[in-house]
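Understanding the architecture of this molecule
One-letter residues, chain by chain:
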Amino acid sequence: AASGAALAVGGSLFTAGSAGAAADSARSGPPGPDLPEWTPAPPFERAEHEERIHRLRLAMQREKLDAVLIYSQHSMYYLFGYDVMSGAAVAYQTIIVPLDGYPIALVRNTMVPYVGQSPFLSREVRFYTDSFSRDSVRMTTDILAEKHLLRRKRIGIETRTLTLNAHDY
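Presented here is an overview of the structure given in this document. (Residues numbered from 1 in each chain as written. Predicted model: local features only at pLDDT ≥ 70, side-chain atom pairs only at ≥ 80, totals over all residues. Heavy atoms only, no water.)

Points about the pairing of strand S2 (residues 67–70)
Burial along S2 is two-sided: the face carrying Ala67 and Leu69 and the face carrying Val68 and Ile70 are both buried. Note that S2 and strand S3 (residues 94–98) share 4 bridges and pair antiparallel. Each residue of the ladder has a partner; that of valine 68, found in S3, is valine 97. Where S2 meets strand S6 (residues 155–157), 3 bridges bridge the pair, whose relative direction is parallel. Within the sheet, the bridge partner assigned to leucine 69 lies in S6 and is isoleucine 157. (Buried < 20%, exposed > 50% of the residue type's maximum accessible area, 1.4 Å probe, protein only. Helix = DSSP H or I, 4+ residues; strand = E, 2+ residues; numbered from the N terminus. Pairing = 2+ DSSP bridges.)

Right, dumping it as structure tokens:
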């Protein structure tokens, strides 16, 4: 499951992205809409998600992958409990899962409050503001470079998804 192939596995910090996000870095506070005062109960116990993430990392080790780019909303929900409750069409978003370290979520600013509800994703959330922006893909490669995941590294890319279009791939 190298680059281009699907990999089958069966406090909060808000940081503005670097590429093309100069306007975002000047904002104060977390971006996006305000959420109601309640937090929905997770569908599974934390231990269940921890086991799923562990199995993903075991599969990554088996395939000798240094990172995986998750694009499917179903996979994001399955692994991290991140659910897009808005029901809106989702523009580009990905979760970068390094073999070692914390996952990094890159989402549109309106999704930040939702992704921040996941205890597995709230450590590092990056965002962009314009739907279908060319900068969102550039931000992904910038994050990979920042985390030293580009040079001589193997990256799995989830391609069996409706949310990764051919242009962004």
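Next comes the rest of the description.
Some details on the environment of glycine 156
Tracing the sequence through the fold places glycine 156 in strand S6. Owing to a relative accessible area of 0%, glycine 156 belongs among the buried residues under this scheme.

A closer look at helix H3 (residues 73–80)
Buried residues of H3: Gln73, Ser75, Met76, Leu79 and Phe80, and no others. Summarising the axial view, the buried residues of H3 lie within an arc of 160 degrees, below the 170-degree limit, and thus occupy one face. Residues of H3 that are buried in the fold lie against helix H2 (46–62), S2 and S3. The backbone nitrogen of histidine 74 has a side-chain oxygen 3.1 Å away, supplied by the residue at the start of H3, namely serine 72. (Arc of directions from axis to C-beta. Contact = heavy atoms within 4.5 Å. Polar contact = N/O pair within 3.5 Å; in protein donor to acceptor, adjacent residues only side chain to side chain.)

Describing the packing of aromatic side chains
In this description, a pair of aromatic rings is defined by centroid distance and the angle of the planes. Within the structure shown, the criterion is met by 1 aromatic pair. Between tyrosine 71 and tyrosine 92, the aromatic rings sit 5.6 Å apart at their centres with planes inclined by 70 degrees, giving edge-to-face as the arrangement. One end of the pair, tyrosine 71, is in the loop between S2 and H3; the other, tyrosine 92, is in the loop between H3 and S3, with 21 residues separating them in the sequence. Here tyrosine 71 matches tyrosine 92 in class, with each residue buried. (Phe/Tyr/Trp six-rings, centres within 6.5 Å; stacked < 30°, edge-to-face > 60°.)

Focus: the packing of H2 against H3
Two elements in contact, H2 and H3, have axes whose closest approach is 7 Å; the angle formed by their N-to-C orientations is 120 degrees. Between H2, through His49, Arg52, Ile53, Arg55 and Leu56, and H3, the contact on the second element is made entirely by Tyr77, Tyr78, Leu79 and Phe80. Across the contact of H2 with H3, the residue classes break down as 6 nonpolar, 1 polar and 2 charged. (Axes fitted to C-alpha atoms, helices over the stretch in contact; angles between N-to-C directions. Nonpolar A, V, L, I, M, F, W, Y, C, P; charged D, E, K, R; others polar.)

As for the nonpolar core
Core analysis: the biggest nonpolar cluster contains 23 residues, and Ile70, Phe80, Tyr82, Ile95, Val97, Val107 and Val115 have the highest contact counts within it. Mapped by element, the contributors of at least two residues to this core are H2, S2, H3, S3, strand S4 (104–108), helix H4 (112–115) and strand S5 (125–128). Ile96, Ile104, Leu144 and Leu149 belong to the second-largest nonpolar core, a separate cluster that totals 16 residues. (Core = buried A, V, L, I, M, F, W, Y, C linked by side-chain atoms within 4.5 Å.)

Notes on unusual backbone geometry
At lysine 64, a position not held by glycine, the phi torsion is positive, near 60 degrees. Counting through the fold element by element, lysine 64 comes out in the loop between H2 and S2. In this model, arginine 152 sits at a positive phi of 55 degrees, which is unusual for a non-glycine residue. Considering the arrangement of structural elements, one finds arginine 152 in the loop between helix H5 (134–146) and S6.

A closer look at the pattern of salt bridges
Tallied over the entire structure, the rule returns 7 salt bridges. For arginine 126, the salt bridge identified is with glutamate 124, shortest N-O distance 2.4 Å. Glutamate 124 shares its class with arginine 126; the two are buried. In this structure, the salt-bridge partner of glutamate 124 is lysine 147, at a minimum N-O distance of 3.2 Å. (Salt bridge = Lys/Arg side-chain N within 4 Å of Asp/Glu carboxyl O.)

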